[in-house]
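The lines below spell out each chain.
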Amino acid sequence: MEYFVQQLINGLTLGAIYGLIAIGYTMVYGIIGMINFAHGEIFMIGAFTSLLTFLVLGAAGISWVPLALFLALAITMLLTPIYGWTLERVAYRPLRGSPRLAALITAIGMSIFLQNYVQLLQGARNKPMQPIIRGGFELMREGDFVVLLSYLQIFIILLTVGLMIVFTLIIHRTALGRAQRACEQDRGMAALVGINVDRTISLTFVMGAALASVAGFIFLINYGVIDFFIGFLAGIKAFTAAVLGGIGSLPGAMLGGFLIGLIEAFWSGYFTVEYKDVAAFGILVLVLIFRPTGLLGKPDIEKV
Amino acid sequence: MLSVSGVHTFYGNIEALRGVDVEVAEREIVTLIGANGAGKSTLLMTICGNPRATTGTITLNGEDITQRPTFEIVRMGVAQSPEGRRIFPRMTVEENLRMGAVTADPQYYDEDRARVFDLFPRLKERVEQRGGTLSGGEQQMLAIARALMSRPRLLLLDEPSLGLAPMVVKQIFEVIREINESQKMTVFLVEQNAFHALRLAHRGYVMVNGQITLTGSGDELLANPEVRAAYLEGGH
Ligand SMILES: Nc1ncnc2c1ncn2[C@@H]1O[C@H](COP(=O)(O)OP(=O)(O)OP(=O)(O)O)[C@@H](O)[C@H]1O
Ligand SMILES: [Mg+2]
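Because the structure is predicted, anything quoted here is derived from the model rather than measured.

> What is the right way to read a nonpolar patch on the surface from this model?
All names here are of chain A. On the surface, M1, Y3, F4, L8, F145, W267, Y270, F271, Y275 and V278 cluster together to form a nonpolar patch covering roughly 1000 Å² of accessible area. Mapped by element, the contributors of at least two residues to the nonpolar patch are α1 (2-32) and α10 (250-270). If one sorts the elements of the nonpolar patch by residue count, α1 sits on top with three residues. Along the chain, the position of V278 falls in helix α11 (residues 276-290).

Rendered as structure tokens:
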């Protein structure tokens, strides 16, 4: 039981990261029908931006933890989306209307480019960071085994859930969210009611990048070490999460993220660490066999 | 207010419009009739910049809009209820109306919403229903209502009577006349229902194979033997 609870906590933390990245995949897919394979790299750049911000804040003598966290998060969410925006402007927009394969190959190219860009600027070695949030609760204890819920994990879960709520409200309640849904459902008609479709697509990349950058921030403060290659596997896992939840579905992406995180944590906890990735992908395959549209993706009931 | 001159539009190699000239004056109701595939819908869409005219010019209130992006043309006061209705399927009726009002001053929203619900009480009963699950006729009402929500100065209607019961068609044509008079709204409409449409319109155009072949007042066209033979046969 104790062990179970510990894996549950670990899985949720990991799932928060996947879920936040998965939202970007699913939104971009929804609105322009492409898989933005460079999205994992945006997450990685978010982690680096956080690290650099922490370093700068440290050098500036800002050491009060809540303030440092807040500033680092805010600056990361502000700077990283510039990459998402530029990516769309420079690499994807010129290809709009061309075959899907062209956009897909470009996305893979951009992914490699961004990896190399960070490798060149920051070097290939691991970048460590001191833990910034320490301590936690002892939830349970059985003999030598202690279930720990760290303040860090509480912070991560609250931050993620809070962001997901805010984000869902934006999509459902605001003019921007309605414009995004309109573009997703019928881009031509969206333009015909006066929506600036290009701008809406840009903002979608910006929002996706902002959430992925938070995932990078979480990755950094949770694991304390990053390198230029972390975007690859996290990107694939998050993409898997998006497909598992039903690509195009926002709640699906969040659910998928948490599920993949939990599967990984439990598999590593009860079976072997080596095969945790296989487990996640295996479950994806199983789900897709029985529900080809993913868990929350619905085939459309439309009369047009 | 709207002037289309020498417009050619292509879909790939297919030339759908072959030098079209159309004038619509302020506060007019102008009807465009023509057989299936003549290019009527293409003309309405070309006015909105999608697809684009390859040659020729389109001006709105004297301003050249031929190369303007669609959303900018719409923001100049043009609204279209397009062919196929194109309701946002996963949005509710209410949200679809909100989409129609994207370019409008929000202060008029409640008033305009009440007005379209007056016109189409059926929509009012279904505010929370998703667009994609409405019946064809209800979708048609919603498409027209959505177009009205922007308070357009130029309203483009592509077969507004399609799929509607005769009673509702009559009602819609009355509504068009009413808003044209009371709100100084210019209307350019495409219709298969040529008899009603020409009676409603101040002027009309006949399109054949991507070209305008005839033009005149509504009554002139109604009396024209060619028009009668081609578009009014079987009567009304
Ligand atoms: N997206 C498209 N791609 C290729 N050809 C098209 C496309 N849209 C229309 N066309 C062609 O252009 C021509 C004009 O079509 P359009 O829809 O403008 O006709 P219409 O007058 O509105 O006909 P209807 O009364 O049937 O609605 C037709 O021959 C049609 O096949
Ligand atoms: Mg048509």
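> I'm lost on the domain arrangement of chain B in this one. Help?
Often the size quoted for an interface is simply the accessible area lost on bringing the parts together. Residue and element names in this part refer to chain B. Each domain of chain B was delimited in the assignment, giving domain 1 (2-77 + 152-235) and domain 2 (89-151). Contacts between domain 1 and domain 2 engage 18 residues on the former and 12 residues on the latter. In total, domain 1 and domain 2 occlude about 1100 Å² of area from one another, counting both sides; carbon and sulfur atoms represent 70% of this. Three residues stand out in domain 1 for area buried against domain 2, namely P152, L164 and V175, and they jointly supply 32% of the buried area on that side. Our count for the contact surface shared by domain 1 and domain 2 stands at zero salt bridges. Our count for the domain 1 to domain 2 interface comes out at two residue pairs in polar contact (both at pLDDT 80 or more). Where the side of domain 1 that touches domain 2 is concerned, the elements lending two or more residues are α2 (70-75), β7 (154-158) and α7 (166-182). Examining the composition of the side of domain 1 that touches domain 2, we find that five residues originate from one element, α7, more than from any other. Split into classes, the residues belonging to the side of domain 1 that touches domain 2 amount to 12 nonpolar, three polar and three charged.

> Help me understand the pattern of salt bridges, please; the structure alone is not making it clear to me.
Within the structure shown, the criterion is met by 20 salt bridges over all chains. The partner of B:R113 in a salt bridge is B:E94, and the shortest N-O contact between them spans 2.8 Å. Within this pair, whereas B:R113 is found in helix α4 (residues 109-119), its partner B:E94 is found in helix α3 (residues 93-100), the two being separated by 19 residues in sequence. With relative accessibility at 14%, the residue B:E94 sits in the buried group. Among the ionic contacts, a cluster of salt bridges with common partners joins A:E88, A:R93, A:R96 and A:D198.

> Even after reading the chapter, I still don't get the site of ligand 1, so can you show me in this structure?
Residue and element names in this part refer to chain B. Within the structure, ligand 1 sits among 13 residues, and G37, K40, S41, T42 and E83 are positioned closest to it. E83 has a polar side-chain atom sitting 2.6 Å from an oxygen atom of ligand 1. Alone, ligand 1 offers 640 Å² of accessible surface; in the complex the protein occludes 63% of this. Among the elements that line the shell around ligand 1, the one with the most residues is helix α1 (residues 40-47), at three residues. Here the shell around ligand 1 is built from residues that sort into four nonpolar, six polar and three charged.

> How do you make sense of α1(B) when you look at a structure like this?
Working note: α-helix, 3.6 residues per turn, so residues spaced by three or four point in the same direction. Counting buried positions over the eight residues of α1(B) gives eight, a clear majority of the element. Positioned one or two residues after α1(B), B:G49 has a phi angle of 85°, which is positive.

> How should the coordination of the magnesium ion (ligand 2) be read in this particular structure?
Octahedral metal centres with six donors ideally show angles of 90 or 180 degrees, and tetrahedral centres with four donors ideally show 109.5 degrees. Donor atoms from the polypeptide that coordinate the magnesium ion (ligand 2) comprise B:S41 (OG) and B:E83 (OE), at 1.9 to 2.3 Å from the metal. Within this pair, whereas B:S41 is found in helix α1, its partner B:E83 is found in the loop between β6 (78-81) and α3, the two being separated by 42 residues in sequence.

> Quick question: what am I supposed to make of the pairing of strand β3 (residues 29-34) of chain B here?
Residue and element names in this part refer to chain B. Taking burial as the measure, the six residues of β3 include six buried ones, the bulk of the element. Burial of β3 is two-sided: the residues I29, T31 and I33 facing one way and the residues V30, L32 and G34 facing the other way are all buried. Examined bridge by bridge, β3 and strand β8 (residues 186-190) share four bridges and lie parallel to one another. Bridging from a neighbouring strand, L32 pairs with V190 of β8.

Rules and cut-offs
Residues numbered from 1 in each chain as written. Chains lettered and ligands numbered in written order. Predicted model: local features only at pLDDT ≥ 70, side-chain atom pairs only at ≥ 80, totals over all residues. Heavy atoms only, no water. Patch = residues over 30% accessible without salt bridge, like charges linked within 9 Å, V, L, I, M, F, W, Y side chains within 5 Å. Areas by Shrake-Rupley, 256 points an atom, 1.4 Å probe, with all protein chains shown as cover. Salt bridge = Lys/Arg side-chain N within 4 Å of Asp/Glu carboxyl O. Helix = DSSP H or I, 4+ residues; strand = E, 2+ residues; numbered from the N terminus. Domains from an automatic or database assignment. Contact = heavy atoms within 4.5 Å. Buried area = accessible area lost by both parts, 1.4 Å probe. Polar contact = N/O pair within 3.5 Å; in protein donor to acceptor, adjacent residues only side chain to side chain. Nonpolar A, V, L, I, M, F, W, Y, C, P; charged D, E, K, R; others polar. Buried < 20%, exposed > 50% of the residue type's maximum accessible area, 1.4 Å probe, protein only. Near = heavy atom within 4 Å. Donors = N, O, S within 2.8 Å, 3.2 Å for Na, K, Ca; no water. Pairing = 2+ DSSP bridges.

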